[in-house]
Amino acid sequence: MCACLGGDDGRTLYVTTARVGLTEPGPLDGAVFRARVAVPGLPTAAYRSTAA
């Protein structure tokens, strides 16, 4: 499972679930869920690789 906040105001919580490697995946395995939250996430800093 992975989670992150996004959306225009940073108050949309996205959660992903795993499907690969499960013996008997269920109907919601591998899905992405979305929910509104009261507290917004912080903006992220821009990333630029310096590797050649």
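Described below are features of the structure shown in this document. (Residues numbered from 1 in each chain as written. Predicted model: local features only at pLDDT ≥ 70, side-chain atom pairs only at ≥ 80, totals over all residues. Heavy atoms only, no water.)

Digging into the sheet that holds strand β1 (residues 2-6)
Across the sheet, 3 strands lie side by side as β1-β2-β3; this open sheet has antiparallel pairing. If you trace the sheet from one side to the other, it starts and ends with β1 and β3 (32-36), each paired once. Put simply, the sheet's adjacent strands are angled 20 degrees from each other on average, direction ignored. Note: strand β2 (residues 12-16) against β3, 5 bridges, orientation antiparallel. Bridging from a neighbouring strand, L13 pairs with A35 of β3. (Pairing = 2+ DSSP bridges. Helix = DSSP H or I, 4+ residues; strand = E, 2+ residues; numbered from the N terminus. Axes fitted to C-alpha atoms, helices over the stretch in contact; angles between N-to-C directions.)

Overview of the pairing of β2
Relative to β2, β1 runs antiparallel, the two sharing 5 bridges. Residue A3 lies in a different strand from β2, and its bridge partner there is V15. Between the antiparallel neighbours β1 and β2 lie 5 residues, among them G7 with a positive phi of about 90 degrees.

Here's the deal with the pattern of salt bridges
Pairing between side chains becomes possible if they bear opposite charge and their charged atoms approach one another. The full count for this structure, using the stated rule, is 2 salt bridges. In this structure, D9 and R11 form a salt bridge, with 3.9 Å as the shortest nitrogen-oxygen distance. For D9, a relative accessible area of 38% translates into the label partly exposed. You can call R11 partly exposed: its relative accessible area is 29%. (Salt bridge = Lys/Arg side-chain N within 4 Å of Asp/Glu carboxyl O. Buried < 20%, exposed > 50% of the residue type's maximum accessible area, 1.4 Å probe, protein only.)

Regarding the side chain of T12
By secondary structure assignment, the location of T12 is in strand β2. Residue class for T12 comes out buried when judged on its relative accessible area of 8%. With sequence-adjacent residues up to four places away left out, T12 is seen in contact with C4, L5, G6, G7, R34, A35 and R36. (Contact = heavy atoms within 4.5 Å.)

Things to note about the environment of D9
In this structure, D9 sits in the loop between β1 and β2. Separated by 30 residues in the primary sequence, D9 and V39 have C-alpha atoms spaced 9.8 Å apart. Excluding residues within four positions of it along the chain, D9 makes contact with R36 and P40. Looking at D9, its side chain comes within polar contact range of the main-chain nitrogen of R11, at 3.1 Å. Polar contacts involving the side chain of D9 include one to the side chain of R36, which spans 2.8 Å. (Polar contact = N/O pair within 3.5 Å; in protein donor to acceptor, adjacent residues only side chain to side chain.)

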